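Now for the letters of each chain:
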Amino acid sequence: MSTNVDPPGTTVAQRIAQALPRLSRSHRQVADYVLEHPLQVATLPIDELATAAGVSVATANRFARALDFDGYPAFRAELVRGFEPLVAPVERLRGNLERPTTVSEVFAAALEESRRNIDATRQSLDYAACEAAVERIGKARSIYIGGFGASAWLAGLLQHGLDSSCSDVRLLSGVSGVTHAARTLMHAGPQDVFIGVTFPRYLTDTIALAQIARGQGCAVLALTDRPSSPLAPLADVALYCQTETSYRPNCETSVLALIEALTSAVALRAPGAVQSAGRILQAVRPWLHGGNGPRTNGTNGANGATQQATPPADSTPKKKTSR
């Protein structure tokens, strides 16, 4: 027997619809705001909702009772139902801001959270999955990387890390948008790998691209936080990373550590890794401080500027002899 689960906010919306004929003008004002901003309201205490809706706190509380809730806390709890993964970071931040603390305590807490997340990620890591991920990346003709929002920065670091070991690594998140990324993926096939990077709050762009990649027969590798992630069921191989934090939606330090571990393992397995590193060093040498690159008048030789000439040894001005 199947059980129907109401989408987030449905029960509240139904109660508003049922109560609408008997709601006062001010209550309808609150109802309009709730229906337009259900996720935002799920994160608001009663005084902030009253201010946002332009009513008094007493009116906001009476509105909740008009919907047959015991009060605003019960109304908000029902509205939050189903939104928990989305509003949890806001609630944690609100709780932390309400507790007196110092800058030094925040620094210490954030660094400790990063350490705990890295330790938890290492302890729970499936090394068979790591081996499979490295093998698929190493054999891929092309590697497509998708990550949006905060994960776009992590996706860029993953591309940077793989670029020195793999011949064709493409970052799908860019100024051209997700539709261009979808068109790019239409060139992918069974010889390629799509790597999706997404963490709470998961973005549908990454999930949609993973579905397109699967449709193209492309192997899908997921970097995400848990098996319940919407990306996990689409993946041939999934690497999980703990990202719990008190001050931001995710701790990205642990994700970066996992990315560095993955790219290091790929580099170890890559044929001619030392030679490839040498070629990259030679290519970037003119831009490295202390790399003895071509020196010019404020510019570098790579831009076609003429190198400042060194005066010949015999061109030193001679002193005039006094008469």
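Before any of the text, the structure's been laid out above.
Everything numeric in this text was worked out from a predicted model, so none of it was measured.

Colleague: Can you lay out the overall build of the protein for me, pointing to particular residues and giving the numbers?
Modeller: Along its length, the protein carries 14 helices and five strands. Looking at the protein alone, contacts between residues at least 24 apart form 66% of all its contacts between residues at least 6 apart. Within the structure as shown, the protein displays about 19,200 Å² of accessible surface, and the carbon and sulfur contribution to it stands at 55%.

Colleague: Give a description of the side chain of S151 that names residues and reports values.
Modeller: Here S151 lies in helix 10 (residues 151-163). With residues near it in sequence (within four places) discarded, S151 still touches V197, T198 and F199.

Colleague: Please provide a residue-by-residue account of helix 10, values included.
Modeller: With 13 residues, helix 10 should reach 18 Å at 1.5 Å per residue; the first-to-last C-alpha distance of 18 Å fits that figure. Of the residues making up helix 10, those classed as buried are S151, L154, A155, L158, G161 and L162. For helix 10, the buried positions fall inside an angular range of 120° around the axis, keeping them on one side. Every exposed residue of helix 10 that faces more than 90 degrees away from the buried side is listed here: W153 and H160. Each element contacted by the buried residues of helix 10 is listed here: helix 9 (127-139), strand 1 (143-146), strand 2 (169-171), strand 3 (193-197), strand 4 (219-224) and helix 13 (252-269).

Colleague: Break down unusual backbone geometry for me, with residues and values.
Modeller: Unusually for a residue other than glycine, D68 sits at a positive phi of about 70°. Mapped onto the secondary structure, D68 falls in the loop between helix 5 (57-66) and helix 6 (72-80).

Colleague: Residues and numbers for the pairing of strand 3, please.
Modeller: Within strand 3, five of the five residues are buried, which leaves it mostly tucked inside the rest of the structure. Residues V193, I195 and V197 line one face of strand 3 and the alternating positions F194 and G196 line the opposite face, and both faces are buried. Bridge analysis of strand 1 against strand 3 gives four bridges, and the strand direction is parallel. Across the sheet, residue Y144 finds its bridge partner in strand 3, namely F194. The pairing of strand 3 with strand 4 spans five bridges and is classified as parallel. Bridging across to strand 4, V193 finds its partner in A219. Crossover connection from strand 3 via helix 12 (residues 204-215) to parallel strand 4: handedness right-handed.

Colleague: Account for the pairing of strand 1, with residues named and values stated.
Modeller: Here strand 1 shows a buried face lined by I143 and I145 and a second buried face lined by Y144 and G146. Regarding the hand of the β-α-β motif, the stretch spanning strand 1, helix 10 and strand 2 is right-handed.

Colleague: Could you give an account of the packing of helix 4 (residues 46-53) against helix 5, with specific residues and numbers?
Modeller: Each pair of packed helices can be summarised by the angle the axes make with each other and by the distance between the axes. Viewed as axis vectors pointing N to C, helix 4 and helix 5 meet at an angle of 100°, and their least axial separation amounts to 8 Å. Taken together, the axes of helix 4 and helix 5 are roughly perpendicular relative to one another. Every residue of helix 5 that contacts helix 4 at I46, D47 and A50 is listed here: V57, A60 and N61. Partitioning the contact of helix 4 with helix 5 into residue classes produces four nonpolar, one polar and one charged.

Colleague: Lay out the sheet that holds strand 4 with the relevant residues and their values.
Modeller: Whether parallel or antiparallel, the strands of a sheet pair through hydrogen bonds between backbone atoms. Strand order across the open sheet formed by five strands is 2-1-3-4-5, with parallel pairing between neighbours. Because the sheet does not close on itself, it has two edges, and the strands there are strand 2 and strand 5 (237-240). The mean inter-strand angle of the sheet, taken between neighbouring strand axes irrespective of direction, is 15°. Pairing of strand 1 with strand 2 involves three bridges; the strand directions are parallel. Looking across to strand 2, one finds that I145 is bridged to L171.

What counts as what
Residues numbered from 1 in each chain as written. Predicted model: local features only at pLDDT ≥ 70, side-chain atom pairs only at ≥ 80, totals over all residues. Heavy atoms only, no water. Helix = DSSP H or I, 4+ residues; strand = E, 2+ residues; numbered from the N terminus. Contact = heavy atoms within 4.5 Å. Areas by Shrake-Rupley, 256 points an atom, 1.4 Å probe, with all protein chains shown as cover. Expected span 1.5 Å × (residues − 1). Buried < 20%, exposed > 50% of the residue type's maximum accessible area, 1.4 Å probe, protein only. Arc of directions from axis to C-beta. Pairing = 2+ DSSP bridges. Right-handed = clockwise from strand over helix to strand, strands pointing away. Axes fitted to C-alpha atoms, helices over the stretch in contact; angles between N-to-C directions. Parallel < 35°, antiparallel > 145°, perpendicular 65-115°, else oblique. Nonpolar A, V, L, I, M, F, W, Y, C, P; charged D, E, K, R; others polar.

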